[in-house]
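One-letter residues, chain by chain:
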Amino acid sequence: MEHEPNSMLKKIVTSFKMAVGNMHGNLFHTLLSILGMIIGVAALVSILSLIDGMEKFAKDQISETTSLKSIALTPRSTRTVNGISVKKDSFVYVTYSKFKELEKSIKQQAKFYLISTQSAEVSSPEISSPIVSMVYGCSETMRPGLTLLKGRLFTINDFNSNPINAIVNKSFLSASGKSDFAWLGKSLQINGREIKIIGIVDEKSERPEIYLPITTFSHAELKSYPPSISVDVAEVEDVASVKQSISAWIKEQYPNNTDDLELMTHEFRLEQATKGFMLFRVIMGLIVGISVIVGGIGVMNVMLITVTQRTTEIGVRKALGANRKDIVLQFLAEAVSISTLGSLCGLVLGILGTMGIIPIVKAITKVPFQASYTWNTIGVVAVLAIVVGIIFGTYPAIRASKLDPVEAIRKE
């Protein structure tokens, strides 16, 4: 019993050696057999490679416009009734003190930003007319993308200071008619409050902007302009676990108002793109798969011709002691070898074909698009070669095994 696996393995190896020898001896038949497979597999490889390239391009575009490492926690200040958005009478939002608690509770490396946005008129004896500016109430981390030009940024002491310290952007200086740093230490009036400028930052925005400690705003102001939290996680792999931790924190802190806070990541955009391309990949794969089936039928037809031409050989093998299983194994090995050779040639042709197509696509669309050759595509081709060989080689192999040895030897 111990020798049975070794014996079977030896038979399989022998069958494939015979298959390679027969393929070499009947080169014309082999070429006829693999022609359909080459065309079908080449078309399949081209389609899969182009779709993989499109998916990679789409994901890169999404990644450039949206940070996949960011998590947003925003208050729901409205509810939907009969398809109409209605403002809620009351809802919860995360205060500065709660924000600090949340920041401390997260173990993974991440940056937290708390920000409330509104607009206001800013006046000063230094300017002739009020400046309409965006006013941000924020935590000491302010917001990403800011570069300090002069002065300093917020520290934790600024959130309980008097007078109120503020930071302005470079566009505010331009709007005020002063493009230098003379505003440092100057005072402004916003909504009846006097603020003192301690820093000047630069960013891409062309709007005048002023940053204040979020503790400056009253509960009524924060209810009108509810603050949101943005979390930039250091590693993409930690986004899911950080989101789960924040969700657990919300349930613990606001057990009766969890619906008032919405937790979102941008992964859904990638998921949508992935699902869309998967659907496209399956549909196109099924369409192109028809060519592979035609190639498989070609393999079966040529194998049937081979069985007819080699009846004497089959009869001799049976007369010398070969059983039906040996004959089936021999012809299945030959069918699998033929389909494998066809698939390999199709793989090479498909890759070369996409290399020729890509420059044409780039020239027409002006898009930096590249085909993507993945191990998944190679795996599909490998499995396809074996499956096609087995499916379309089974019938010829069974037919060969059923030949009567005496009748087979008589046929010449």
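Just so we're clear, the structure is a prediction, and the values are computed from it rather than from any experiment. (Residues numbered from 1 in each chain as written. Predicted model: local features only at pLDDT ≥ 70, side-chain atom pairs only at ≥ 80, totals over all residues. Heavy atoms only, no water.)

A. Structural view of helix H10 (residues 375–401). The end-to-end C-alpha separation of H10 is 37 Å, in line with the 39 Å expected for 27 residues at 1.5 Å each. Along its length, H10 reaches its greatest deviation from straightness, about 45 degrees, at Gly393, and the proline Pro396 lies no more than four positions downstream. Of the positions making up H10, those classed as buried are Thr377, Val381, Leu384, Ala385, Val388, Gly389, Phe392, Gly393, Pro396, Ala397, Ala400 and Ser401. (Helix = DSSP H or I, 4+ residues; strand = E, 2+ residues; numbered from the N terminus. Expected span 1.5 Å × (residues − 1). Bend = angle between axes of the 7 residues up to and from the residue. Buried < 20%, exposed > 50% of the residue type's maximum accessible area, 1.4 Å probe, protein only.)

B. Broad picture of the confidence of the model for the protein chain. Averaged over the protein chain, the pLDDT score is 80; the fraction of residues at 70 or greater is 88%. Taken element by element, the predicted model of the protein chain shows its lowest mean pLDDT in helix H11 (residues 405–410) (58) and its highest in strand S10 (residues 209–213) (93). (pLDDT = per-residue confidence, 0-100.)

C. Structural context of the packing of aromatic side chains. If you walk through the whole model with that rule in mind, you get six aromatic pairs. Centroid distance Phe172 to Trp183: 5.9 Å. Interplanar angle 65 degrees. Geometry classified as edge-to-face. Note that Phe172 is positioned in helix H4 (residues 170–176) and Trp183 in the loop between H4 and strand S8 (187–190), a separation of eleven residues in sequence. For the pair formed by Phe172 and Trp183, the shared burial category is buried. Relative to Tyr254, the ring of Trp249 lies with its centre 6.0 Å away and its plane at 75 degrees, an arrangement referred to as edge-to-face. Comparing Trp249 with Tyr254, the two get one shared label, buried. By the ring-pair criterion, three or more aromatic residues cluster together here, those being Tyr96, Phe154 and Phe159. (Phe/Tyr/Trp six-rings, centres within 6.5 Å; stacked < 30°, edge-to-face > 60°.)

D. Representation of the pairing of strand S2 (residues 78–81) in the model. Pairing of S2 with strand S3 (residues 84–87) involves four bridges; the strand directions are antiparallel. Directly across from Thr78, in S3, lies its bridge partner Lys87. The antiparallel hairpin formed by S2 and S3 contains two residues in its connecting segment, where Asn82 sits at a positive phi of about 55 degrees. (Pairing = 2+ DSSP bridges.)

E. A look at the pattern of salt bridges. Within the structure shown, the criterion is met by nine salt bridges. Notably, a salt bridge pairs Arg76 with Glu262, separated by 3.8 Å at the nearest N-O pair. In this pair, Arg76 sits in the loop between strand S1 (70–75) and S2 while Glu262 sits in strand S12 (residues 261–265), placing the two residues 186 residues apart along the sequence. By relative accessible area, Arg76 is classed as partly exposed at 31%. For Glu262, a relative accessible area of 27% puts it in the partly exposed group. Taking the shortest distance from any N to any O, the salt bridge between Lys98 and Glu101 comes out at 3.8 Å. Here Lys98 and its partner Glu101 are both found in helix H3 (residues 96–105), three residues apart, which amounts to about one turn of the helix. Glu101 sits in the partly exposed class, given a relative accessible area of 37%. Bridged by salt links that share partners, the residues Lys100, Glu103 and Glu140 form one connected network. (Salt bridge = Lys/Arg side-chain N within 4 Å of Asp/Glu carboxyl O.)

F. Representation of the packing of H3 against helix H6 (residues 239–253) within the structure. Interaxial distance between H3 and H6 falls to 11 Å at its minimum, and their mutual angle equals 135 degrees. Classified by the angle between their axes, H3 and H6 sit oblique to one another. In this structure, H3 meets H6 at a crossing whose hand is right-handed. Residues Lys98, Glu101, Leu102 and Ser105 of H3 pack against Ile246, Trp249 and Gln253 of H6. Here the contact of H3 with H6 is built from residues that sort into three nonpolar, two polar and two charged. (Axes fitted to C-alpha atoms, helices over the stretch in contact; angles between N-to-C directions. Parallel < 35°, antiparallel > 145°, perpendicular 65-115°, else oblique. Left-handed = near helix turned anticlockwise from the far one by under 90°. Contact = heavy atoms within 4.5 Å. Nonpolar A, V, L, I, M, F, W, Y, C, P; charged D, E, K, R; others polar.)

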